[in-house]
Structure formats: structure tokens, C-alpha cells
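Below, each chain spelled out in residue letters.
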Amino acid sequence: MNTQDQDIFTRMLAGGTIHTTDPEIAKMWELVNRALQLSPAINASTSPDQTRKLLGELIGKEIDKSTTIFVPFFTNFGRHIRIGKNVFINHACTFLDLGGITIEDDVQIGPKVNLISENHPVDPSQRKNLILSPVLIKRNAWIGAGATILPGVTIGENAIVAAGAVVHKDVPNNTIVGGVPAKVIKEIV
């Protein structure tokens, strides 16, 4: 099937460019506005159960009771977030998920982490278009405080991203990366 025949949400998750002139762009903006409307209630929640329930409503899928998300939590879309079991997401994280964010089981995410699946073209005449590429955090990874994971990056199983790192390329399984841009510091044995 030609990607032109797919709905905008399928095309967003497939990655690539979504133009501001896309005939279905209004559908995307409807869900962005829904995220804006639901975010205050999510961030006013007073228990992990309430946070899971409200965030599950936003992403359209129940979040497992073994997972804990501390508020505030920020997202611009929500529908393209997938969260596994036994995940911990600390305070003040931002997930820009138009291109998709998947967090597998047993992941730990520190405070103020940014997971970004969206970018814009360098060409000024095209800059308002979106370039989407999914972020994948594999099982048992640990993302340190204030780290930023950029579009298209996969963090490998058991990997650690040091606090404050900016990750622009895939992180192999069982490694520790840190710095700006992030580089392999050592392997976990």
C-alpha cells in the first residue's frame, strides 16, 4: 500500500516529513488540542493511580499498575506514547511523541528528561513542516536526569544515559553514554 493512502497517524508513526499542507493535518491538531486540555488534570493528580488513569486516557491505552509516573508530565500529543510494565518516570519529563515514543518494561527515567521524536527541516522555506522519527527505550535502560534523547534514537537494553547527555545516535545494549553529544563511556559487564 502506498503511504499516500494511509491516514496521517499511520504516516506519522512511519516517520518522514509531514507537511503543513497535508490534507489531514487538522486531525493531528485536534489531538494536540486534546493533550493541551487534559494536561492540567494530569498534572493536578494527587496519586500514582490517578496519574496512570488520566495519562492512560490521553494515550488511549491503560498503563500497567506496576508503572509509576510523577507529575508534572508534559506531552504535546500523547497518542503515540507506549509505556511498558514496571517503568518509573520521574518529575518534569517532556515527551514530544508525534513520531512515536516506546518505552519497554523495567525502564527508569530521571527527572527533566526530554524524549523528542520531532524535528524540522533546515531549509527556512520548509521549516514549519515536521520531520518525524520514533524514539525507542529498550528494556531495563536508565535515562539520567536532564538527558535529551533526539528523534530516531534507540537506547539499547540495560544501557545507561548519563545525566545531562544529549543523545543523537543509537546507544548499544549494555553501555553507558554521556556528554554533549553523547559518546560511549564504557561497557556494562
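Relevant structure appears above.
Below or above, wherever it landed, is the structure these notes cover.

**Concerning the sheet that holds strand 15 (residues 154-155)**
Phase 1: Taken together, the 4 strands give an open sheet; going across it, the order is 4-7-12-15, and neighbouring strands pair in parallel fashion. Both edges of this open sheet fall to strand 4 (81-83) and strand 15, since each of them pairs with a single strand only.
Phase 2: Looking at chain direction, strand 12 (residues 135-137) and strand 15 are connected through 2 bridges and run parallel. When the sheet's bridge partners are listed, Leu136 is paired in strand 15 with Thr154.

**Quick notes on the pairing of strand 6 (residues 93-96)**
Phase 1: Only one face of strand 6 is covered, namely the one carrying Cys93 and Phe95; the face carrying Thr94 and Leu96 has none of its residues buried.
Phase 2: Pairing of strand 3 (residues 73-75) with strand 6 involves 3 bridges; the strand directions are parallel. Bridging across to strand 6, Phe74 finds its partner in Thr94.
Phase 3: As paired strands, strand 6 and strand 9 (residues 114-116) are joined by 3 bridges and run parallel to one another. Residue pairing across strands places Leu96 opposite Ile116, the latter belonging to strand 9.

**Notes on the pattern of salt bridges**
Phase 1: Inspection of every chain in the model, using the stated rule, returns 5 salt bridges.
Phase 2: Residues Glu24 and Arg11 are paired through a salt bridge, measuring 3.0 Å at the closest nitrogen-oxygen approach. Here Glu24 is found in the loop between strand 1 (16-18) and helix 2 (25-43), whereas its partner Arg11 is found in helix 1 (residues 8-14), with 13 residues between them in sequence.
Phase 3: For Arg11, a relative accessible area of 16% translates into the label buried.
Phase 4: Of the charged contacts, one joins Glu157 and Arg139 as a salt bridge, the two residues approaching to 3.0 Å between their closest N and O atoms. Residue Glu157 is found in the loop between strand 15 and strand 16 (160-161), and its partner Arg139 is found in the loop between strand 12 and strand 13 (142-143); the two are separated by 18 residues along the sequence.
Phase 5: For Glu157, a relative accessible area of 28% translates into the label partly exposed.

**Focus: unusual backbone geometry**
Phase 1: Geometrically, the link from Val71 to Pro72 is a cis peptide bond, its omega value of 5° lying close to zero.
Phase 2: In this fold, Pro72 is placed in the loop between strand 2 (68-69) and strand 3.
Phase 3: With an omega dihedral of -5°, the bond running from Val180 to Pro181 counts as a cis peptide bond.
Phase 4: Within the secondary structure layout, Pro181 lies in the loop between strand 18 (175-178) and strand 19 (183-187).
Phase 5: Not every positive phi belongs to a glycine, and Asn174 is a case in point at roughly 55°.

About the criteria used
- Residues numbered from 1 in each chain as written.
- Predicted model: local features only at pLDDT ≥ 70, side-chain atom pairs only at ≥ 80, totals over all residues.
- Heavy atoms only, no water.
- Pairing = 2+ DSSP bridges.
- Helix = DSSP H or I, 4+ residues; strand = E, 2+ residues; numbered from the N terminus.
- Buried < 20%, exposed > 50% of the residue type's maximum accessible area, 1.4 Å probe, protein only.
- Salt bridge = Lys/Arg side-chain N within 4 Å of Asp/Glu carboxyl O.

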